[in-house]
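# Examination of the molecular architecture
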Amino acid sequence: MAIEQTYLMVKPDGVQRGLCGDILSRFERKGLKIVAMKFMVIPKGTAEDHYGEHKGKGFYDSLISYITSGPVLAMVLEGENAVAVCRGMMGKTNPQESAPGTIRGDFGMVTGMNLIHGSDSPQSAAREISIFFKPEELIPYRRTADDWIYE
Ligand code: DAT
Ligand code: MG
């Protein structure tokens, strides 16, 4: 299985509720490796670029206003099959349909406040990483714990 990078962000509700640590620790304990991280308020144009696939949908304006309403914790995580692994840990888009044990299933109540974003494919991941991070902000390093996470 290929090593992938994926773009994750704790959305403004997750930051405001003090859940950055809980959410990040789930990914760390799972075995994902932190490659980049940034605490930022997303400029409107960047949000429109990131969520371009949803332009024209009924929830688009409120989505842009929510995602730019306060700081987010943006990050790139790496691991085997990282895109699908992280999506599974996030749960379904609607937290009420997300299984217990997932981030949205454990912490969220409504779709418009679902705490976390994660890329939905390796292609989306590459696109989203390039929106939020410069190439030199992705830090390559050997993590000794990988010897005890992967066979
Ligand atoms: P996901 O975040 O699970 O990848 P998505 O890409 O379909 O979901 O949508 C992006 C975000 O837009 C989602 O996290 C919350 C919001 N959203 C999606 N569908 C919605 C809907 N039907 N009503 C309100 N907000 C919605
Ligand atoms: Mg999506």
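Keep in mind that what you see is a predicted model, and the values were worked out from it rather than measured.

## Quick notes on the overall build of the protein
Scanning the protein from N- to C-terminus turns up seven helices and four strands. Radius of gyration (C-alpha) of the protein: 15 Å, near the 15 Å computed for a compact globule of 151 residues. Across its three principal axes, the protein shows a C-alpha extent of roughly 45 × 35 × 25 Å. Within the protein, the proportion of its 151 residues that are buried is 46%. A separation of at least 24 residues holds for 77% of the contacts in the protein among residues at least 6 apart in sequence. Computing the positive centroid from 17 side-chain charges and the negative centroid from 19, the protein places the two 3 Å apart.

## Here's the deal with the environment of Ile67
Looking at the secondary structure, you find Ile67 in helix α4 (residues 60-67). By relative accessible area, Ile67 is classed as buried at 1%. Taking the C-alpha atoms as reference points, Ile67 and Pro95, 28 residues apart in sequence, are found 17 Å from one another. Setting aside residues up to four positions removed in sequence, Ile67 forms contacts with Met9, Lys11, Pro12, Ile42, Ala47, Tyr51 and Val72.

## Some remarks on the packing of aromatic side chains
When we look at a pair of aromatic rings, we describe it by the centre distance and by the angle of the planes. Summed over the entire model, instances satisfying the criterion amount to two aromatic pairs. Consider the rings of Tyr7 and Phe132, whose centres lie 4.6 Å apart with planes at 10°: the pair is stacked. Taken together, the residues Tyr7 in strand β1 (residues 3-10) and Phe132 in helix α7 (residues 122-132) connect sequence positions 125 residues apart. You'll find Tyr7 and Phe132 in the same group, each marked buried. Site record: aromatic cluster; members linked through ring pairs are Tyr7, Phe132 and Phe133.

## A word on the site of ligand 1
Neighbouring ligand 1 are the residues Lys11, Tyr51, His54, Phe59, Leu63, Arg87, Thr93, Arg104, Thr111 and Asn114. Between an oxygen atom of ligand 1 and a side-chain N or O atom of Arg87, the distance comes to 2.8 Å. Thr93 places a polar side-chain atom, nitrogen or oxygen, 2.6 Å from an oxygen atom of ligand 1. Within the complex, 71% of the 520 Å² of free accessible area of ligand 1 lies under protein. Broken down by class, the residue content of the shell around ligand 1 amounts to three nonpolar, four polar and three charged.

## Thoughts on the sheet that holds strand β3 (residues 72-80)
With antiparallel pairing, the four strands of this open sheet are ordered in space as β2-β3-β1-β4. What marks the edges here is a single partner per strand, and that holds for β2 (33-40) and β4 (116-118). Here the average twist between neighbouring strands, direction ignored, is 20°. Across three bridges, the pairing between β1 and β4 is antiparallel. Residue Met9 lies in a different strand from β4, and its bridge partner there is His117.

## What to know about the side chain of His117
You can see His117 is positioned in strand β4. Of note is the side chain of His117, whose polar atom sits 3.0 Å from the side chain of Glu128. Setting aside residues up to four positions removed in sequence, His117 forms contacts with Tyr7, Leu8, Met9, Lys11, His50, Tyr51, Met90 and Glu128.

Rules of the game
Residues numbered from 1 in each chain as written. Chains lettered and ligands numbered in written order. Predicted model: local features only at pLDDT ≥ 70, side-chain atom pairs only at ≥ 80, totals over all residues. Heavy atoms only, no water. Helix = DSSP H or I, 4+ residues; strand = E, 2+ residues; numbered from the N terminus. Rg over C-alpha atoms; globule rule 2.2 N^0.38 Å. Buried < 20%, exposed > 50% of the residue type's maximum accessible area, 1.4 Å probe, protein only. Contact = heavy atoms within 4.5 Å. Lys, Arg positive; Asp, Glu negative; His and termini not counted. Charge placed at Lys NZ, Arg CZ, Asp CG, Glu CD. Phe/Tyr/Trp six-rings, centres within 6.5 Å; stacked < 30°, edge-to-face > 60°. Near = heavy atom within 4 Å. Polar contact = N/O pair within 3.5 Å; in protein donor to acceptor, adjacent residues only side chain to side chain. Areas by Shrake-Rupley, 256 points an atom, 1.4 Å probe, with all protein chains shown as cover. Nonpolar A, V, L, I, M, F, W, Y, C, P; charged D, E, K, R; others polar. Pairing = 2+ DSSP bridges. Axes fitted to C-alpha atoms, helices over the stretch in contact; angles between N-to-C directions.

Keep in mind these values describe shape, not function.
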